[in-house]
Amino acid sequence: MPKSGTIVGRERVTTWMEYGVAAAIIGVVAAVLLGAVLYYEELGEKTEVELTVLNIRAGLRYQVADHIMKGRTNELLALDGSNPVQWLERPPARYAGERRCAGLETIERGEWCFDPDRKELRYRPRLHSYLSPDLYVLRWRVVPVFGTTGSRSVDSLALVNVEPYHWFQ
């Protein structure tokens, strides 16, 4: 009888060891999957930001075209530094509106705002592991594009990055 008791004891030790190995494997797989989920979540955020900027640039081009078609190119300079969100059909998700948002403490992660003092559209990324340089706020501004003839006439407007950045590159 003692032999069978010993065998049962060994089976229990083996079973607990198997549970431990299985838990370790599950933990490693979960860590790898969590890393992949965070990677793709940040990639999705980058895509959302880039699409928003592309839509704003398209709205800006429509504004310029409208002014040109109506013969009001002299009014383009007045749009310098204006809030580009006004040219969208609806503002981007989590747009906080026009407000003084110069400090990080005033912008939540994943939030857009327009700072009328600095005339900048700003976005604070939720995730920024693949963002270089390691910026905590991305900034854009509407600027005039002057003619090549050397005159002070404005040919167009552009939405430019205030500080260049690379996300996933």
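All values reported here derive from a predicted model rather than from experimental measurement.

So, how was this worked out
Residues numbered from 1 in each chain as written. Predicted model: local features only at pLDDT ≥ 70, side-chain atom pairs only at ≥ 80, totals over all residues. Heavy atoms only, no water. Helix = DSSP H or I, 4+ residues; strand = E, 2+ residues; numbered from the N terminus. Buried < 20%, exposed > 50% of the residue type's maximum accessible area, 1.4 Å probe, protein only. Contact = heavy atoms within 4.5 Å. Areas by Shrake-Rupley, 256 points an atom, 1.4 Å probe, with all protein chains shown as cover. Patch = residues over 30% accessible without salt bridge, like charges linked within 9 Å, V, L, I, M, F, W, Y side chains within 5 Å. Salt bridge = Lys/Arg side-chain N within 4 Å of Asp/Glu carboxyl O. Pairing = 2+ DSSP bridges. Axes fitted to C-alpha atoms, helices over the stretch in contact; angles between N-to-C directions. Core = buried A, V, L, I, M, F, W, Y, C linked by side-chain atoms within 4.5 Å. Phe/Tyr/Trp six-rings, centres within 6.5 Å; stacked < 30°, edge-to-face > 60°.

(A) Highlighting the overall build of the chain. Along the backbone of the chain there are one helix and seven strands. Start at the N end of the chain and walk to the C end: the helices and strands fall as α-β-β-β-β-β-β-β. Here the chain holds 169 residues, and the buried ones make up 31% of them. Taking contacts inside the chain between residues at least 6 apart in sequence as the whole, the part at least 24 apart equals 44%. Accessible surface for the chain amounts to roughly 10,900 Å². Of this, 59% is attributable to carbon and sulfur atoms.

(B) Molecular detail of a nonpolar patch on the surface. Where nonpolar side chains cluster on the molecular surface, the patch consists of M17, V21, I25, V29 and L33 and spans about 480 Å² of accessible area. Mapping M17 onto the fold places it in helix α1 (residues 2-69). On the basis of relative accessible area, M17 is assigned to the exposed category, the value being 55%.

(C) Region of interest: the sheet that holds strand β5 (residues 138-146). The five strands are arranged β1-β2-β3-β5-β6 in an open sheet whose pairing can be described as mixed. The open sheet has two edge strands, β1 (95-98) and β6 (154-161), and neither has a second partner. If you compare each strand with its neighbour and ignore which way they point, the axes differ by 20° on average. Across seven bridges, β5 lies against β6 in antiparallel orientation. Bridged to V145 within β6 is S156.

(D) Here's a closer look at unusual backbone geometry. Put simply, S132 and P133 share a cis peptide bond, and its omega is -10°. Residue placement: P133 occurs in the loop between β4 (131-132) and β5. The phi dihedral of R94 is positive, around 65°, even though this residue is not glycine. Among the structural elements, R94 can be located in the loop between α1 and β1. For K119, which is not glycine, the phi torsion reads 55° and is therefore positive. Relative to the assigned elements, K119 resides in the loop between β2 (111-115) and β3 (120-124).

(E) Molecular detail of the nonpolar core. Membership of the largest hydrophobic core comes to 24 residues, with the highest contact counts inside it found for L138, W140 and L157. Take this core: its biggest share by element is five residues, from α1. Excluding residues within four positions of it along the chain, L157 makes contact with L60, V64, L76, L79, V142, V143, P144 and V145.

(F) Structural detail: the pattern of salt bridges. Tallied over the entire structure, the rule returns nine salt bridges. As a salt-bridge pair, R72 and E75 come within 3.0 Å of each other at their nearest N and O atoms. By relative accessible area, which is 35% here, E75 ends up partly exposed. Members of the salt-bridge network, linked through shared partners, are E120, R122, R139 and E163.

(G) Structural view of the packing of aromatic side chains. This structure, assessed with the given rule, holds eight aromatic pairs. The interplanar angle of 85° and the centroid separation of 5.2 Å between the aromatic rings of Y39 and F168 together place this pair among those described as edge-to-face. Of this pair, Y39 sits in helix α1 while F168 sits in the segment after β7 (166-167); the two residues are 129 residues apart in sequence, bridging distant segments of the chain. By way of ring pairs, the aromatic residues Y39, Y40, Y130 and F168 are connected into one cluster.

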